[in-house]
Amino acid sequence: EDPVLLAAYRDGRVAGYLGILPDAIFAGDAAHRVGWLTGWWVDPSTAVKGLGAILLYKAIGLYPDALGVSGGSRDARRVLDGSRKFVALPPLRGLETRPRLSALAQSPALRSRRFVLRLADLLSQAIVTCTRSAWQRRHPVFRGLGFEHVSTIDEESRRFIERRRHRDLTRKGRAELDWITTWPWVLSAPGKDSAARRYYFSSSCRRFAYLGVKVFAPGGRLVGFVLLGVRNERLSVLFTHYDPEDAPAVAAAIVHHALAVDARRLRLYDEQLIGPVARLRPPGWSTRSVSEGFYLSPAL
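Residues numbered from 1 in each chain as written. Predicted model: local features only at pLDDT ≥ 70, side-chain atom pairs only at ≥ 80, totals over all residues. Heavy atoms only, no water.

### Topic: the overall build of the protein
So, step 1. Scanning the protein from terminus to terminus reveals 8 helices and 13 strands.
So, step 2. Across the 300 residues of the protein, 41% fall into the buried class.
So, step 3. Counting only contacts in the protein whose residues sit at least 6 apart along the sequence, the fraction spanning at least 24 positions is 63%. (Helix = DSSP H or I, 4+ residues; strand = E, 2+ residues; numbered from the N terminus. Buried < 20%, exposed > 50% of the residue type's maximum accessible area, 1.4 Å probe, protein only. Contact = heavy atoms within 4.5 Å.)

### Concerning the pattern of salt bridges
Opposite charge on two side chains permits pairing when their charged atoms draw close.
So, step 1. As enumerated under the stated definition, the model contains 19 salt bridges in all.
So, step 2. For R206, the salt bridge is made with E233, and the minimal N-O distance between the two is 2.2 Å. With R206 in the loop between β8 (204-205) and β9 (208-216) and E233 in the loop between β10 (222-231) and β11 (234-242), this pair connects stretches of sequence that are 27 residues apart.
So, step 3. Ionic contacts of the salt-bridge type, sharing partners, join the residues E96, R98, R265, R267 and R288 into one network. (Salt bridge = Lys/Arg side-chain N within 4 Å of Asp/Glu carboxyl O.)

### Quick word on the sheet that holds strand β1 (residues 5-10)
So, step 1. If you walk across this open sheet you meet the 11 strands as β1-β2-β3-β4-β13-β5-β12-β11-β10-β9-β6, and the pairing is mixed. In this open sheet, the two edge strands, each paired with only one partner strand, are β1 and β6 (146-150). Sheet twist, expressed as the mean angle between neighbouring strand axes with direction ignored, is 30°.
So, step 2. Sheet analysis places β9 next to β10, joined by 9 bridges and oriented antiparallel. (Pairing = 2+ DSSP bridges. Axes fitted to C-alpha atoms, helices over the stretch in contact; angles between N-to-C directions.)

In structure tokens, the structure reads:
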């Protein structure tokens, strides 16, 4: 029953929209309704001045004192600050890894040589790929580590998550995680189709998948559950469940899957996994710190 999209029209055409993802966050045992602002777009050719702010205030009216924003463009942050209806939280610190030459090619000073760096990157990747499997076999943290991949949350995973999700802000369980994996917001497709051309956001890409991973320590004990998101060459760590002492095993599982899907970029924000992942660092990887800003309604 919660509104999920606000659309503005001018002369029968979409002039702008604002998406909302209904959710709940927990303080103690109390659940608080919240709507996360997602896609926020205004047609630059529209003559309606301040349409982005109009859509924002419509959302505030639907979700009074119950809105949150993750990330956002510079223009979006300017509107949020100007509204005085949100509190900016300290940014969430994370980690991003990528091949060293790929990271180097992003430097503005080397933009004119990017083609040469790209060729060097492809050659180095071929060499590095041959060495990574040997590196993984030799590294002690990978020895005896086991995995099981699931498309839906099975009973063992459900019990494991239920015992640990009380520490989470949003407490996603079987129903929520199955909903996420069953209804992906982007579809895998070899190219854009006619439906994709009707939207101003990405509805398909070459490779998109959610991957549920059960992590087993040597001896077969379940020590972690991770939900990964794969989009083209990027791997994101979406949800993690584990006990702190098992963080090294879970970090190793994430690195293993980043290598297995040939990810060119890995990003995660789990503060207990950042150190173990950074210390593993396979051959050819470069790491850097990243951050994500958040806004919440003052009541939240």
